[in-house]
Amino acid sequence: MELQLKSLLEEIVKNDELHGKWLNSLSMMENTGARKISRYEHPVNVGIIVLKHAAEEARHAYYLKKQIEKLAVTSPDYSFEYLLAPVESHHYLHQLDTGVCKYIKDKLELSGRALKHGAYLLVTYAIEVRADMLYAVYQDVLSNNKSKVNVKSIIAEEEGHLAEMERMLIDFHPNWKELAADVCRIEVNLFQEWISAIQKQLSMKNVTVVA
């Protein structure tokens, strides 16, 4: 999957229009993550790690949006016309959230606040595992193409997030590794759908250009 992503990004980074939409899509997804974390929060019992995580996800959304200014394009908002694979980009986190909630409800028979807490931990863990891979591959492509865009600061923060989620999952459940592996399998399928949708969009664009 890393090779597939790298090949896709090599094509995207060479085209400012596509690159701008890619950055905007990532920004939208980071922003969605920040808003979801806020919804998961307990109205009173909110730890500093959760606040830190929500703040950093929002910062990533802003940072990625600012990176677009280094390209010869504009992306004023998250409208479909400014995104890659807009439907899949919008649905990715929502579908992961829904799938994980159903999994936890069936597997652990949790409900209410306990279900929300478990979903927050496992969804976030799966996203951080993906972010570690995605941003590392993306940065390699950026560096190889001598792009002005960079995501090094995001990479450093995402690594810290993953370690924090592992510590919280240890406290959540003794079999957290099994739960996390199952959730990551759900995420892999959704990520593949997203990448495939982007590839399809790029292929259609290339066909149009040739025609």
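Residues numbered from 1 in each chain as written. Predicted model: local features only at pLDDT ≥ 70, side-chain atom pairs only at ≥ 80, totals over all residues. Heavy atoms only, no water.

## Re the pattern of salt bridges
Enumeration over the complete set of coordinates arrives at eleven salt bridges. Residues Lys52 and Glu56 are paired through a salt bridge, measuring 3.4 Å at the closest nitrogen-oxygen approach. Of the two residues, Lys52 and Glu56 are both situated in helix H3 (residues 48–67); the distance of four residues between them amounts to about one turn of the helix. Taking relative accessible area as the criterion, Glu56 reaches 13% and is therefore assigned buried. When the shortest N-O distance is used, the salt bridge between Asp182 and Arg185 registers 2.3 Å. Residue Asp182 and its partner Arg185 are both found in helix H7 (residues 176–210); the two are separated by three residues, about one turn of the helix. The network of salt bridges with common partners includes Lys52, Glu56 and Glu164. (Salt bridge = Lys/Arg side-chain N within 4 Å of Asp/Glu carboxyl O. Helix = DSSP H or I, 4+ residues; strand = E, 2+ residues; numbered from the N terminus. Buried < 20%, exposed > 50% of the residue type's maximum accessible area, 1.4 Å probe, protein only.)

## Topic: unusual backbone geometry
Its identity is not glycine, yet Ala85 carries a phi of approximately 40°, on the positive side. Positionally, Ala85 belongs in the loop between H3 and helix H4 (86–108). At Lys146, a residue that is not glycine, the phi angle is positive and equals roughly 55°. Secondary-structure assignment places Lys146 in the loop between helix H5 (112–144) and helix H6 (152–172).

## Structural notes on the nonpolar core
Core analysis: the biggest nonpolar cluster contains 66 residues, and Leu5, Ile12, Trp22, Tyr135, Tyr138, Trp194 and Ile198 have the highest contact counts within it. Of all the secondary structure elements, the ones that give two or more residues to this core are helix H1 (2–13), helix H2 (16–40), H3, H4, H5, H6 and H7. For this core, the element with the highest residue contribution is H5, accounting for 17 residues. With sequence-adjacent residues up to four places away left out, Tyr138 is seen in contact with Leu9, Val13, His19, Trp22, Leu23, Leu26, Val149 and Val151. (Core = buried A, V, L, I, M, F, W, Y, C linked by side-chain atoms within 4.5 Å. Contact = heavy atoms within 4.5 Å.)

## Examining the packing of H3 against H6
At a minimum axis separation of 11 Å, H3 and H6 run at an interaxial angle of 155°. On the basis of their axis angle, the class for H3 and H6 is roughly antiparallel. Between H3 and H6 lies a crossing whose hand is left-handed. For the pair H3 and H6, contact is made by Ile49, Val50, Lys52, His53, Glu56, Glu57, Arg59, His60, Tyr63 and Leu64 and by Ser153, Ile154, Glu157, Glu158, His161, Glu164, Met165 and Met168, respectively. Across the contact of H3 with H6, the residue classes break down as seven nonpolar, four polar and seven charged. (Axes fitted to C-alpha atoms, helices over the stretch in contact; angles between N-to-C directions. Parallel < 35°, antiparallel > 145°, perpendicular 65-115°, else oblique. Left-handed = near helix turned anticlockwise from the far one by under 90°. Nonpolar A, V, L, I, M, F, W, Y, C, P; charged D, E, K, R; others polar.)

## Looking at the packing of aromatic side chains
In total, this model carries five aromatic pairs according to the counting rule given. Here the aromatic rings of Trp22 and Trp194 are separated by 5.5 Å at their centres, their planes lie at 20°, and the arrangement is stacked. Separated by 172 residues along the polypeptide, Trp22 in helix H2 and Trp194 in helix H7 bring together distant segments of the chain. Given a relative accessible area of 0%, Trp22 falls into the buried group. Relative accessible area serves as the criterion here: at 2%, Trp194 is assigned to the buried category. Ring geometry for Phe191 against Trp194: centres 5.8 Å apart, planes inclined by 55°, an arrangement best described as tilted. Here Phe191 pairs with Trp194, and both are found in helix H7, just three residues apart, close to one helical turn. For the pair Phe191 and Trp194, one class covers both residues: buried. Through successive ring pairs, a cluster of aromatic residues spans Trp22, Tyr92, Tyr138, Phe191 and Trp194. When the ring centre of Phe191 is taken as origin, the NZ or CZ atom of Arg130, which lies over that ring, is 3.9 Å away. (Phe/Tyr/Trp six-rings, centres within 6.5 Å; stacked < 30°, edge-to-face > 60°. Lys NZ or Arg CZ within 6 Å of the ring centre and 35° of its normal.)

## What about the state of the cysteines?
Counted under the stated rule, the structure contains zero disulfides. With no disulfide of its own, Cys101 lies 16 Å from the sulfur of Cys184, the closest cysteine sulfur. A relative accessible area of 23% means that Cys101 is categorised as partly exposed. Owing to a relative accessible area of 17%, Cys184 belongs among the buried residues under this scheme. (Disulfide = S-S within 2.5 Å.)

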